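Breakdown of the fold
Single-letter residue listing:
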Amino acid sequence: MLLYDLTSTYIEGTGEGIAKAKYGYSRDQRFDCKQVVIALVITPEGYPLAYEVMNGNTSDRTTLRGFLDKIESSYGRARRVWVMDRGIPSEALLQEMRTSDREIYYLVGTPRSKVREHEKKWLDLPWQKVRETVEVKLFSEAGELYVLAKSEGRQAKERAMRRKKLARLLRKLRAMRRNGPRRDQLLLRIGAARKEAGSAFRFLQLQLPAEGEKVIRNSFQFRVDKAKLKAAELQDGHYLLRSNLVGENPAVLWERYVQLTQIEAAFKAMKSELGLRPIYHQLGHRVEAHIFVAFLAYCLLTTLRNRLQALAPGLTPKAVLEKLATIQMLDVYLPTTDRRWLVLPRFTQPEADQAILLHKLKLELPQQPAPRIKDRFPEFSAKALCL
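From a predicted model like this one, the values you see are computed outputs, not experimental measurements.

Glancing now at the side chain of Asp5. The residue Asp5 is located in strand β1 (residues 2-10) in this model. The buried charged residue Asp5 lacks any salt bridge, with Arg27 as its nearest oppositely charged partner at 5.6 Å. Each residue touching Asp5, except ones within four places of it in the same chain, is listed here: Ile38, Ala39, Leu40, Ile88, Ile263 and Phe267.

This part takes up empty space enclosed by the protein. As enumerated under the stated definition, the model contains two cavities of 30 Å³ or more in all. The calculated volume of the largest cavity comes to roughly 70 Å³. Looking at the largest cavity, the residues that line it are Leu68, Ile71, Glu72, Ala78, Arg80, Trp82, Arg102, Glu103 and Ile104. Where the lining of the largest cavity is concerned, the elements lending two or more residues are α1 (64-75) and β4 (80-84). It is α1 that provides the largest number of residues to the lining of the largest cavity, a total of three residues. Looking at the lining of the largest cavity residue by residue, the class counts come to five nonpolar, no polar and four charged. Taken as a whole, the second largest cavity spans an internal volume of roughly 40 Å³. The wall of the second largest cavity is formed by Lys165, Arg168, Leu169, Lys172, Ala193, Glu196 and Ala197.

For the rest of this paragraph, the subject is the sheet that holds strand β13 (residues 341-347). Spatially, β12-β13-β14 is the arrangement adopted by the three strands of the open sheet, whose pairing is antiparallel. Since the sheet does not close on itself, it has two edges, and those belong to β12 (329-335) and β14 (372-374), each with one partner. Ignoring strand direction, the axes of neighbouring strands in this sheet form an average angle of 30°.

Judged by nonpolar contacts, the single largest core of 38 residues is most densely connected at Leu40, Tyr51, Val83 and Ile291. For this core, the element with the highest residue contribution is helix α10 (residues 284-311), accounting for six residues. Those residues in contact with Val83, other than ones at most four positions away along the chain, are Met1, Leu2, Leu3, Tyr4, Leu107, Arg256, Tyr257 and Leu260. One finds Ala39, Leu94, Ile104 and Val108 within the second-largest nonpolar core, a separate group that totals 21 residues.

What follows is about the confidence of the model for the protein chain. Summarising the model, the protein chain shows a mean pLDDT of 87, and 97% of its residues fall at 70 or more. Confidence, read as mean pLDDT per element, is least for helix α13 (residues 382-385) in the protein chain (58) and greatest for strand β2 (residues 35-42) (94).

A few words now on a nonpolar patch on the surface. Together, Leu187, Leu206 and Leu208 give the surface a local cluster of nonpolar side chains, amounting to about 200 Å² of exposed area. Relative to the helices and strands, Leu206 is located in strand β9 (residues 204-207).

What follows is about the sheet that holds strand β6 (residues 128-131). On the basis of which strands lie adjacent, the open sheet formed by nine strands has the order β3-β2-β1-β4-β5-β11-β8-β7-β6 and mixed pairing. Among the strands making up the open sheet, the edge pair consists of β3 (48-55) and β6. Here the strands of the sheet are splayed against their neighbours by 25° on average, with no regard to which way each runs. Two elements, strand β5 (residues 104-109) and strand β11 (residues 238-243), share three bridges in a ladder whose sense is antiparallel. Within β11, the residue paired with Leu107 across the bridge is Ser243. Taken strand by strand, helix α2 (residues 91-99) contacts β4, β5, β8 (144-151) and β11, and its axis lies near 145° from that of β5. Across the face of the sheet, helix α9 (residues 261-271) comes into contact with β1 and β2 while running at roughly 30° to β1.

Quick look at the packing of α9 against α10 now. Here α9 crosses α10 at 120°, and the two axes come no closer than 10 Å. Considering how the two elements wind past one another, α9 and α10 form a crossing that is right-handed. Residues Ala266, Ala269 and Met270 of α9 form the contact with α10, whose own contacting residues are Ala294, Phe295, Tyr298 and Leu301. Of the residues contributing to the contact of α9 with α10, the split by class is seven nonpolar, no polar and no charged.

Counted according to the given criterion, the structure contains 21 salt bridges. In this structure, the salt-bridge partner of Asp236 is Arg159, at a minimum N-O distance of 3.7 Å. Placement of the pair is Asp236 in the loop between α7 (226-234) and β11 and Arg159 in helix α5 (residues 152-179), with a sequence separation of 77 residues. Assessed through its relative accessible area of 23%, Arg159 is described here as partly exposed. Among the ionic contacts, a cluster of salt bridges with common partners joins Asp69, Glu72, Arg77 and Arg102.

What describes two packed helices is the angle between their axes and the distance between those same axes. Look at α10 against helix α11 (residues 317-324): their axes get within 9 Å of each other, and the N-to-C directions meet at 100°. Viewed along their axes, α10 and α11 adopt a mutual orientation that is roughly perpendicular. Of the residues in α11, those touching α10 at Leu301, Leu304, Arg305 and Leu308 are Pro317, Val320 and Leu321. Classifying every residue of the contact of α10 with α11 by side-chain character gives six nonpolar, no polar and one charged.

Attention now goes to the pairing of β8. Counting buried positions along β8 gives seven out of eight residues, so the element sits mostly inside the fold. Note: strand β7 (residues 134-141) against β8, eight bridges, orientation antiparallel. Counterpart to Val136 in the pairing with β8 is Ala149. Where β7 folds back on β8, the antiparallel hairpin that results is connected by two residues, among which Ala142 adopts a positive phi of roughly 55°. Bridging between β8 and β11 involves six bridges; their strand directions are antiparallel.

Reading the values: the criteria
Residues numbered from 1 in each chain as written. Predicted model: local features only at pLDDT ≥ 70, side-chain atom pairs only at ≥ 80, totals over all residues. Heavy atoms only, no water. Helix = DSSP H or I, 4+ residues; strand = E, 2+ residues; numbered from the N terminus. Buried < 20%, exposed > 50% of the residue type's maximum accessible area, 1.4 Å probe, protein only. Lys, Arg positive; Asp, Glu negative; His and termini not counted. Salt bridge = Lys/Arg side-chain N within 4 Å of Asp/Glu carboxyl O. Contact = heavy atoms within 4.5 Å. 1 Å grid on protein atoms, 1.4 Å probe; cavity = no way out; pocket = protein on both sides within 12 Å on 5 of 7 lines; lining within 4 Å. Points joined across faces, edges and corners; volume = space filled by probe spheres on them. Nonpolar A, V, L, I, M, F, W, Y, C, P; charged D, E, K, R; others polar. Pairing = 2+ DSSP bridges. Axes fitted to C-alpha atoms, helices over the stretch in contact; angles between N-to-C directions. Core = buried A, V, L, I, M, F, W, Y, C linked by side-chain atoms within 4.5 Å. pLDDT = per-residue confidence, 0-100. Patch = residues over 30% accessible without salt bridge, like charges linked within 9 Å, V, L, I, M, F, W, Y side chains within 5 Å. Areas by Shrake-Rupley, 256 points an atom, 1.4 Å probe, with all protein chains shown as cover. Left-handed = near helix turned anticlockwise from the far one by under 90°. Parallel < 35°, antiparallel > 145°, perpendicular 65-115°, else oblique.

Printed below as a string of structure tokens:
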């Protein structure tokens, strides 16, 4: 099983020397900067298998076909299940995957509009409990299995997020009405509030003052459309999944789809802990090298995370790296009587808590390296000699 997703990272500066730097949809909300798109394939345990740096204006729907061939050429033919978000595969490519003889399977989410479109097919079907807080309904169509899943936890989260945005929006509108700005200023402020509220704004009914009219309680009114809000809340926490794994257990399909959070966590770790974002380089090959180093660092971070789960549960990779950061390597240069230099490579001895951590992880520091003799003292820069 392979988890596949894409992200973007923006570039500070003009980026004129970077061929792949383009303006496009920014996951970081930096539409003013050029960016590159990064596609990543990982296992459910978080281990990365492949990545690719693409042009910043690359559409998600154009990327999957190349990765199907890339993974097969790198690792050989196998029965693979691709788990993706709804915006990645096109209908044409899904049709190819269903009819292919290469044993390519998929599990992908669908837009909310599909839930309403297929409502008549699943409305009268019974719910099946697959987990304590998750229920599903199943139906098949055109060689695909559709799984309508309802999660109580996700339902509560979506409702809380919407209500929080609505409450903030209503507070802003009440403040506008109290301040009584001119009509043009009011429209500008409503536009800014609409952008911040996002989809929550559609549940509001507004009565705006006419041109030249004062902004008072009678001319500027607003209220929540309770009928539309109630209809939206009925769909909260619902996911419609589709797959060509027709005979698969729906509980397994749900658990596999939920594992997409692994790849979201991978992007978050690469952008925060590993310094992938932003990119300050202004040459294409340096951008590629920057992302390659971040990818290798994530491989090591994932290895450490899985090791911690087995040997020291409760510890995070970040906490371990911070604890062990004071163990450093240094070279001590001592002059000899015959004008040569005795070089003693040494690493600092671990403190008691560090020694316990190393023991837990079953790691042993090597023996102190043997001394070396050099004819001359190396030329260090003034900055390197500052302690």
